[in-house]
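Per-entry structural report
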Amino acid sequence: MNILKVGDQEKAACEKCAAFVTVIYQLRDVPFSDGSGLVKQVLVGVCEQCDQVCVLPQQSTPAVKCVLEKQRKPIESRVPAHMLDILNLASAEVGCGTEFAPYLIKYYVHALASRQMSANRLPRYLASDLAKGKAEKRISLKGQHIVEEVGALKSMTHIEKTSDLIRGVILKINDDIVQHKRQKPLNELKGIAAAVG
Ligand SMILES: [Zn+2]
């Protein structure tokens, strides 16, 4: 891939001018075509004649994708209050504060959905006494893969409701991290904590 710099020029097609024009690479705020958002200060090719953005270079697509991902709706679910306490205790085992809770769930959803961990026990956890309780606390999970992975995990485990699935995952976190301090997930979670902390 050819990496472009601010000020670089090349010939490209401009749709507006319906011509082959000189484009100059500049940082611009670029709105999405549907008006749903804006990518700030991203390198784009601007038509020398009409001053419109006409090229989005490959190196700028991760920045655009990042803004799109941030706009994506999170997965929302409600759980009993003690489930958040489990997440907070597990975060403390990793050496983190309460802000680590979403990463814990996402790590487990990924490991379970990709079969690096067995999901066999989730239905059993859901039948346990700890799974009960009024759903009074909200959990919000954002991310590029979480929607697909939650979907995959639901069909693997035949658990239909997202909030039930999240409960099962939290009870697995309780079993693995809070109760048994299993080293493999703990070590991997410490690595994630070092990267995001
Ligand atoms: Zn033009």
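Residues numbered from 1 in each chain as written. Predicted model: local features only at pLDDT ≥ 70, side-chain atom pairs only at ≥ 80, totals over all residues. Heavy atoms only, no water.

Its identity as a non-glycine residue notwithstanding, Asp51 has a phi of 65°, on the positive side. Position of Asp51 relative to the elements: it lies in the loop between strand S3 (38-47) and strand S4 (53-55). On the basis of relative accessible area, Asp51 is assigned to the partly exposed category, the value being 44%. Unusually for a residue other than glycine, Lys181 sits at a positive phi of about 45°. (Helix = DSSP H or I, 4+ residues; strand = E, 2+ residues; numbered from the N terminus. Buried < 20%, exposed > 50% of the residue type's maximum accessible area, 1.4 Å probe, protein only.)

Glancing now at the coordination of the zinc ion. The zinc ion binds to the protein through Cys14 (SG), Cys17 (SG), Cys47 (SG) and Cys50 (SG); the donor distances cover 2.2 to 2.3 Å. Around the zinc ion, the four donor atoms are arranged such that angles at the metal cover 104 to 113°; this shape is classified as tetrahedral. Residue Cys17 is classed as partly exposed on the basis of its relative accessible area of 26%. On the basis of relative accessible area, Cys50 is assigned to the buried category, the value being 18%. (Donors = N, O, S within 2.8 Å, 3.2 Å for Na, K, Ca; no water. Tetrahedral: all angles 85-135°; square planar, octahedral: opposite > 155°, others 65-115°.)

Now for the packing of aromatic side chains. Here the structure, examined in full by the defined rule, presents two aromatic pairs. Centre to centre, the rings of Phe100 and Tyr103 are 5.7 Å apart; their planes meet at 35°, and the pair counts as tilted. Residue Tyr103 is classed as partly exposed on the basis of its relative accessible area of 34%. With a centroid separation of 5.4 Å and 85° between ring planes, the pair formed by Tyr107 and Tyr108 is classed as edge-to-face. (Phe/Tyr/Trp six-rings, centres within 6.5 Å; stacked < 30°, edge-to-face > 60°.)

Moving on, we come to helix H7 (residues 183-196). In a regular helix each residue adds 1.5 Å, so 14 residues correspond to 20 Å; H7 covers 20 Å between its end C-alpha atoms and thus fits that length. Buried within H7 are the following residues: Pro185, Leu186, Leu189 and Ala193. Projected down its long axis, H7 shows its buried positions confined to an angular sector of 95°, all on one face. Relative to its buried face, H7 has exposed residues pointing more than 90 degrees away, namely Lys184, Ala194 and Ala195. Buried positions along H7 lie against helix H2 (81-94), helix H3 (101-113) and helix H6 (162-179). (Expected span 1.5 Å × (residues − 1). Arc of directions from axis to C-beta. Contact = heavy atoms within 4.5 Å.)

Here we take up the domain arrangement of the chain. Size of an interface: often given as the accessible area lost when the parts come together. Here the chain is described as being made up of domain 1 (9-71) and domain 2 (75-196). Computed over C-alpha atoms only, the centres of domain 1 and domain 2 are separated by 40 Å. (Domains from an automatic or database assignment.)

The subject of this paragraph is helix H5 (residues 146-157). A rise of 1.5 Å per residue sets the reference length of H5, with its twelve residues, at 16 Å; its end C-alpha atoms lie 16 Å apart and thus fit the reference within 8%. Taken together, the buried positions of H5 are occupied by Ile146, Glu149, Val150, Leu153 and Thr157. Burial along H5 is one-sided: seen end-on, the buried residues are contained in an arc of 100°. In this fold, the buried residues of H5 make contact with strand S5 (75-79), H3, helix H4 (122-126), strand S6 (137-141) and H6. Phi turns positive one or two residues past the end of H5, at His158, with a value near 60°.

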